[in-house]
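Chain and residue survey
Read off the chains here:
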Amino acid sequence: PGAVWDELSLIGSFTQRLDYQDAEHLAWQIRRRDVDLMVFMFGGNDLSREKGDLRRTTEPYEQEYARVIRKFRAGKPEASCLIMSLTDHAIKVRGAIVSRTIVARLAEAQRRVAQSEGCAFYDTFGVMGGLGTVERWRKAKPPLAAPDLRHPTVAGQRHVALALYRALMQGYVSYRKRQEGKPLPT
């Protein structure tokens, strides 16, 4: 009760696509919904840019990601913001499942954007196990990574969700301990 979950998917699209959206319209939507927490988790499709503009630096990605965050946060600057890094993605190399090295680079880029834009950061990639996760998760029973080597299975999604829930609750307990004896903020 009291919680409303709105979701916007970027299926098959790049972070850049949200950068193309009308800033006033996005801000209006956020104000209209009176959002208290915005959670951003995307970047998987941007991996295809590893041989292009992101080959040497993630700066173009960081700039566009930051612009997207600002467009959303303009609607309610006091709302909390959480950036969750992308999950591990792998490719097959001579029959072996190998993590794409750009994943770690983009996860770090997302961490920098979170810091620069005043958002919390959750290292989904790191919590999953970092490089090599897809290989380990494919071997798990039941498998936690899908055959496409990019997406978690339903069991994998539950694993990520539970880890996030535990991290949020641990943070909340820590906050409450620091606030012991003080009234909760309104």
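Look above for the structure.
Overview of the structure. What you are looking at is a predicted structure, and each value in this text was computed from that prediction instead of being measured.

Definitions and limits used
- Residues numbered from 1 in each chain as written.
- Predicted model: local features only at pLDDT ≥ 70, side-chain atom pairs only at ≥ 80, totals over all residues.
- Heavy atoms only, no water.
- Salt bridge = Lys/Arg side-chain N within 4 Å of Asp/Glu carboxyl O.
- Buried < 20%, exposed > 50% of the residue type's maximum accessible area, 1.4 Å probe, protein only.
- Helix = DSSP H or I, 4+ residues; strand = E, 2+ residues; numbered from the N terminus.
- Contact = heavy atoms within 4.5 Å.
- Disulfide = S-S within 2.5 Å.
- Pairing = 2+ DSSP bridges.
- Axes fitted to C-alpha atoms, helices over the stretch in contact; angles between N-to-C directions.
- Expected span 1.5 Å × (residues − 1).
- Phe/Tyr/Trp six-rings, centres within 6.5 Å; stacked < 30°, edge-to-face > 60°.

The final tally for this structure, using the stated rule, is 14 salt bridges. In this structure, arginine 49 engages aspartate 53 in a salt bridge whose closest nitrogen and oxygen atoms are separated by 2.7 Å. Take arginine 49: its relative accessible area is 9%, and that puts it in the buried class. What makes aspartate 53 partly exposed here is its relative accessible area of 38%.

Attention shifts here to the side chain of threonine 124. For threonine 124, the location among the structural elements is in helix α5 (residues 124-128). For threonine 124, the residues in contact, after removing those within four places along its chain, are Met41, Met84, Ser85, Leu86, Thr87 and Val160.

Right, let's talk about the state of the cysteines for a bit. Applying the stated criterion to the full structure yields one disulfide. Between the sulfur of cysteine 81 and that of cysteine 119 lies a disulfide, 2.0 Å long from S to S. Where cysteine 81 bonds to cysteine 119 through sulfur, the torsion about that S-S bond is close to 80°, and the disulfide is right-handed. Note that cysteine 81 is positioned in strand β2 (residues 80-84) and cysteine 119 in the loop between α4 (101-117) and β5 (120-122), a separation of 38 residues in sequence. On the accessibility criterion, cysteine 81 (6% relative accessible area) is buried. Residue classification places cysteine 119 among the buried positions, given a relative accessible area of 10%.

Here three strands make up an open sheet; going across it, the order is β1-β2-β5 and the pairing parallel. Whereas interior strands pair on both sides, the edge strands pair on one side only; in this sheet they are β1 (37-40) and β5. Pairs of neighbouring strands in the sheet enclose a mean axial angle of 20°, with direction left out of account. Sheet topology places β1 next to β2; four bridges connect them, and they run parallel. The residue bridging phenylalanine 40 from the neighbouring strand is isoleucine 83, located in β2.

The pairing of strand β3 (residues 90-93) with strand β4 (residues 96-99) spans four bridges and is classified as antiparallel. When the bridges of β4 are listed, alanine 90 appears paired with serine 99.

This next bit is on helix α7 (residues 154-178). Taking 1.5 Å per residue, 25 residues should reach 36 Å; α7 reaches 36 Å between its end C-alpha atoms and fits that length. Those residues of α7 not exposed but buried are Gly156, Val160, Ala163 and Leu164.

In the structure shown here, the tally under the stated rule is four aromatic pairs. Measuring from ring centre to ring centre gives 4.8 Å for phenylalanine 42 and tyrosine 65, while their planes differ by 20°; the resulting arrangement is stacked. Within this pair, whereas phenylalanine 42 is found in the loop between β1 and α3 (59-73), its partner tyrosine 65 is found in helix α3, the two being separated by 23 residues in sequence. The pair phenylalanine 42 / tyrosine 65 is uniform in exposure class, with both members buried. Relative to tyrosine 65, the ring of tyrosine 61 has its centre 5.6 Å away and its plane inclined at 80°; by these criteria the two rings are edge-to-face. Pair noted here: tyrosine 61 and tyrosine 65 are both in helix α3, with a separation of four residues, about one helical turn. Given a relative accessible area of 0%, tyrosine 61 falls into the buried group. Exposure remark for tyrosine 65: the relative accessible area of 0% places this residue in the buried category.

What follows concerns unusual backbone geometry. Leaving glycine aside, a negative phi is the common case for residues, and trans is the common case for peptide bonds. Across the junction of lysine 141 and proline 142, the peptide omega takes the value -5°, indicating a cis bond. For arginine 94, which is not glycine, the phi dihedral falls at a positive 50°. Relative to the helices and strands, arginine 94 is located in the loop between β3 and β4.

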